[in-house]
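As a plain string of letters, each chain reads:
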Amino acid sequence: MTGLARRLGALLTLVLVGGFLMASPAAADRVCLKEGLIQQPDGSATYGCIQWSEGGGGDSGGGGGGGGNATPSCTYQDVYDDFCMGDRACFMNDPAVYQDVEEIRERGDSISDKPDDADHIIYVGCIGPDGTEYRNWYWDTEFETVSVRDRLLAAYGRIVLPDVTPVHNPPTRTLVNLDTWWWAEGASSNPIVGSEALGLVAIAEPREMTVSAAGQSISCPVVTTRSDACSMTFRRSGSHVATMRILYDIRFELDGAPFAVPAGNDELLTMESSDTVTVPVLEVQSLVTDLG
């Protein structure tokens, strides 16, 4: 994998062929502010725009945020889930199973003569939106069709965060001025490792848990079992909607070694999961008798 590491380190060679380009400000009034993984109803995954500037479309259009000015992105299918090349979903074997030029040509495919004795062959398989499959063979020193950002996006999209279920104690209702404990049932306080994408692995490190309700917010360590480590006191009665968020810091590794994320990719350094619950809060009336 040294060839892959060398290419990932060549940050100046970012030939972005995948479907992750931001919309050009000159092309329309709206601009894509954030790209990400969009889960489709059929279970497939599409990279596209998930946040547009003012005047833009919805938060999660099918593959392009509803925009016609963004470069089309691909839809992952089966094994074709590593990266996009235009509207084609692709995977890569580096190195390829076949390393003999003549054997590849006998299979009916094309590949140039070996540029250097140290070079090896990479195989890229793709599928188009119409189901047509494509076979591509490259020498590792020539293969620059996937940018560092593409690889980061692919690895980022492989993280599957556990669902957050906000739980509070007292469990059914609480009282004004009573400490109410919070924890995230089903969550994990340990790092969450995504599956490999083109040699890169994204790891989500839980940073903190926040609970917001009734005009206040508290920050706590990530609590996953019943505990008094995260508590809130309600100051007024009523039925309050509480939002629990778990924030994760994202880091990347290449072949087990830390990988430095280049500038301009700050949105890939954090991730969060959240859910809400309604908390009935009662006020206890006190009767004071003057015994004097």
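Here the residue numbering is sequential within each chain, running from 1 through the sequence in written order. Since the coordinates come from a predicted model, pLDDT governs what is reported: local features require at least 70, and pairs of side-chain atoms require 80 or more to be given and counted, while whole-chain, interface and lining totals use all residues. Only hydrogens and water are removed before side-chain values are computed, so all heavy atoms of the structure are retained for them.

Here we look at helix α3 (residues 148-157)
For α3, a buried count of 10 out of 10 residues is recorded, marking the element as mostly surrounded by other parts of the structure. Within the span of α3, buried status applies to V148, R149, D150, R151, L152, L153, A154, A155, Y156 and G157. Burial classification: accessible surface area is computed with a 1.4 Å probe over protein chains only, and a residue below 20% of its type maximum counts as buried, one above 50% as exposed, and the rest as partly exposed. Numbered from the N terminus, helices here are DSSP runs of H or I no shorter than four residues, and strands are runs of E no shorter than two.

Here's the deal with unusual backbone geometry
Note that the residue after D94, namely P95, is joined by a cis bond; omega there is 5°. Positionally, P95 belongs in the loop between β4 (88-93) and α2 (101-106). The step from N169 to P170 runs through a cis peptide bond, and the omega angle for that step is 10°. By secondary structure assignment, the location of P170 is in the loop between β7 (165-169) and β8 (174-175). Although it is not a glycine, D78 sits at a positive phi angle of roughly 50°.

Things to note about the pattern of salt bridges
Salt bridge, as applied in this entry: a Lys or Arg side-chain nitrogen positioned within 4 Å of an Asp or Glu carboxyl oxygen. One pass over the structure, following the stated rule, counts nine salt bridges. Note that E102 and R105 form a salt bridge whose closest N and O atoms lie 3.4 Å from each other. Linking E102 with R105, this pair stays in helix α2, spanning three residues, or about one helical turn. Residue R105 is classed as partly exposed on the basis of its relative accessible area of 30%. Two residues, D113 and R105, come together in a salt bridge whose shortest N-O distance is 2.9 Å. We classify D113 as exposed; its relative accessible area is 55%. When salt bridges that share partners are traced, they join E102, R105 and D113 into one network.

Points about the state of the cysteines
Cysteine sulfur atoms are paired as a disulfide whenever they come within 2.5 Å of each other. Summed over all chains, the structure comprises two disulfides. With its sulfur 2.1 Å from that of its partner, C90 forms a disulfide with C126. On the S-S bond that ties C90 to C126, the torsion sits near 105°, and the link is right-handed. Of this pair, C90 sits in strand β4 while C126 sits in strand β5 (residues 121-127), placing them 36 residues apart in sequence. Taken individually, C90 and C126 each receive the classification buried, so the pair is uniform in this respect. For C220, the disulfide goes to C230, at an S-S distance of 2.1 Å.

Description of the sheet that holds β4
A pair of strands is labelled paired if DSSP reports no fewer than 2 bridges between them. Across the sheet, which stays open at both edges, the four strands sit in the order β3-β4-β5-β6 with antiparallel pairing between neighbours. Edge positions in the open sheet fall to β3 (83-85) and β6 (133-139), since each of these has one partner strand only. The average angle at which neighbouring strand axes cross in this sheet is 35°, direction not considered. Comment: axis = line fitted to C-alpha atoms, over the contacting stretch for helices; angle = value between 0 and 180 degrees taken between N-to-C directions.

Observations concerning the environment of E267
Mapped onto the elements, E267 comes out in the loop between β15 (257-259) and β16 (270-282). In this structure E267 comes out as buried when scored by relative accessible area, which is 19%. The sequence separation of E267 and I250 amounts to 17 residues, and the corresponding C-alpha distance is 9.7 Å. Within 3.5 Å is the distance limit for a polar contact, defined as a pair of N or O atoms, with the added protein rule that one can donate a hydrogen and the other accept it, and that residues adjacent in sequence qualify only through two side-chain atoms. One polar contact links E267 to R149, side chain to side chain, over a distance of 2.7 Å.

Details of the sheet that holds strand β13 (residues 231-233)
Strands sit in the order β7-β9-β13 across an open sheet of three strands; the sheet is antiparallel. If you trace the sheet from one side to the other, it starts and ends with β7 and β13, each paired once. Taking each pair of neighbouring strands and ignoring which way they run, the sheet shows an average axis angle of 35°. Here five bridges tie β7 to strand β9 (residues 179-185), and the two strands are oriented antiparallel to one another.

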